[in-house]
Amino acid sequence: MSLVTHLISSQFGPVIPPESKGVVHHIILYGCYAPVNESLHGVGYTCYTNSMPPELFDCRHPIAVWAVGGDDFYYPDNVGLSIGGPGDPTFAILETHYNNPENKAGIIDNSGLRIWYTSELRQYDAGLVETGAAVATLIVPPQQPAFQVRGICAANCSQDAFPPTGVKAFAYMLHAHQLGRKLQMSHYRGSQFIGELGRDDQYDFNYQQSRLLTEETTIMPGDTIVLDCIYDSTSRPKPTFGGLATHQEMCVSWIYYYPRTEIAFCQSILLPHLALPLLGYDANVTVDYINEDAPNFWVNYFINATWTPAITNGIQQMQTTVDPLLRCLRTENRPLEANNKFVPYPAFVQNLPDRSQDCLSTAAPASTSDFISPNSSPLRGLAFSPLALIFIHLFVHL
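Residues numbered from 1 in each chain as written. Predicted model: local features only at pLDDT ≥ 70, side-chain atom pairs only at ≥ 80, totals over all residues. Heavy atoms only, no water.

A closer look at the packing of aromatic side chains
Thought 1: With the rule as written, the count across this model stands at 10 aromatic pairs.
Thought 2: Ring geometry for Phe-162 versus Tyr-257: centroids 5.9 Å apart, planes at 70 degrees, classification edge-to-face. One end of the pair, Phe-162, is in the loop between α1 (155-161) and β16 (167-175); the other, Tyr-257, is in strand β22 (residues 251-258), with 95 residues separating them in the sequence. Tyr-257 matches Phe-162 in its accessibility class, with the two residues each being buried. (Phe/Tyr/Trp six-rings, centres within 6.5 Å; stacked < 30°, edge-to-face > 60°. Helix = DSSP H or I, 4+ residues; strand = E, 2+ residues; numbered from the N terminus. Buried < 20%, exposed > 50% of the residue type's maximum accessible area, 1.4 Å probe, protein only.)

Considering the confidence of the model for the protein
Thought 1: Of the residues in the protein, 82% reach a pLDDT of 70 or more, and the chain-wide mean stands at 81.
Thought 2: Per-residue pLDDT stays below 50 along residues 361-398; that stretch engages in 153 contacts with residues further than four places along the chain or on separate chains. (pLDDT = per-residue confidence, 0-100. Contact = heavy atoms within 4.5 Å.)

Digging into the sheet that holds strand β19 (residues 211-219)
The pairing of strands in a sheet happens through backbone hydrogen bonds and is either parallel or antiparallel.
Thought 1: Read across the open sheet, the 6 strands follow the order β19-β16-β22-β13-β23-β24; overall the sheet is mixed. In this open sheet, the two edge strands, each paired with only one partner strand, are β19 and β24 (325-330). Averaged over all adjacent pairs, the angle separating strand axes in this sheet is 25 degrees, with direction ignored. (Pairing = 2+ DSSP bridges. Axes fitted to C-alpha atoms, helices over the stretch in contact; angles between N-to-C directions.)

So, the nonpolar core
Thought 1: Tyr-231 and Ile-263 are the most contacted members of the largest nonpolar core, which totals 57 residues.
Thought 2: Counting residues per element, this core draws most heavily on strand β20 (residues 223-231), at 5 residues.
Thought 3: Contact partners of Ile-263, with chain neighbours within four places excluded, come to His-61, Leu-128, Val-129, Cys-157, Ala-161, Phe-162, Tyr-257, Cys-328, Leu-329, Arg-330 and Leu-336.
Thought 4: Judged by nonpolar contacts, the second largest core, of 31 residues, contains Val-65, Trp-66, Met-173 and Tyr-258. (Core = buried A, V, L, I, M, F, W, Y, C linked by side-chain atoms within 4.5 Å.)

Brief notes about the side chain of Ser-158
Thought 1: Topologically, Ser-158 is positioned in helix α1.
Thought 2: By relative accessible area, Ser-158 is classed as buried at 1%.
Thought 3: Here the side chain of Ser-158 touches Ala-155 through a polar contact of 3.3 Å, landing on its backbone oxygen.
Thought 4: Those residues in contact with Ser-158 that lie beyond four places of it in its chain are Met-220, Pro-221, Gly-222 and Asp-223. (Polar contact = N/O pair within 3.5 Å; in protein donor to acceptor, adjacent residues only side chain to side chain.)

Laid out in structure tokens, this is it:
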């Protein structure tokens, strides 16, 4: 029979062989809830391409996240990630992202995650929700010392996502790429500022760690979570777009909480066509992504624009005035009621006070654990290649 277990460590202790350091960008373990053909077990694919089986695109509920520089992470004593029980994922995708701009040859990667688990169940089942700004529409103008991108987990989404008694947030992880300088996550109830949910005013791409909150915070249905990302693009002559590659950018946070719900994503989307009038073009179109890896007709308008202060300031102002489109999804990419709907911009949101001179240390303790390893994979010549490694079976059998 199956045994319901709890994972003790959600960061799982990264295992990065010496030869892979510097090319492994980040690793995400996603849960699969819908039935998946077991013949895919142990097979690797390039992520989000035609080589990836369609049923795997819905395996998007994050279970664990690791990024470059991160170390082991433990849940609190009363919380664990449930596997093997009703409503738990039955398979998982270990998704590894590589960055090899120097085209180093001969690297065979065996990176993975260590996992501790126990049959002694803890009081609460944990969940993990991704918040921030949707990657596909993010734009950072060039030559800017402090450009701000704002992602919103709006009240309409949290209202659908969380139970009437709310959930307890106990940890977080912030994520941007090489231009990121400050990441700040704030929490509102109505128009009232509740407090910080996480911040890093000295953000370093090479040190990304899941951190425990000093005190658990209750997030109620109808609360608003805001993530502000500050970028320094003075080294870039052209705009930087959102994307998975290291030279692209992200503005994402993961919130660890309990008790678990079905929510997987609570983010906002700023549609890039709204900026076209600033570039001198007609905005009577809909552009739902802008990315040089999958270019559409409009991408060159942004790449070739003359980035005057008026254009840059206009796009900056849009971040804090334009009504956001919500990305509000359950497991298996199932939409909540608020998904794909515009909501009024929450005008009560304010920038957090400057604390860049503070020195806060919330590092998690070290751990040892069992090792889940993907199949070995060659990295020769990959400037960037996200690789999904399928599958890990998540039932523990007696």
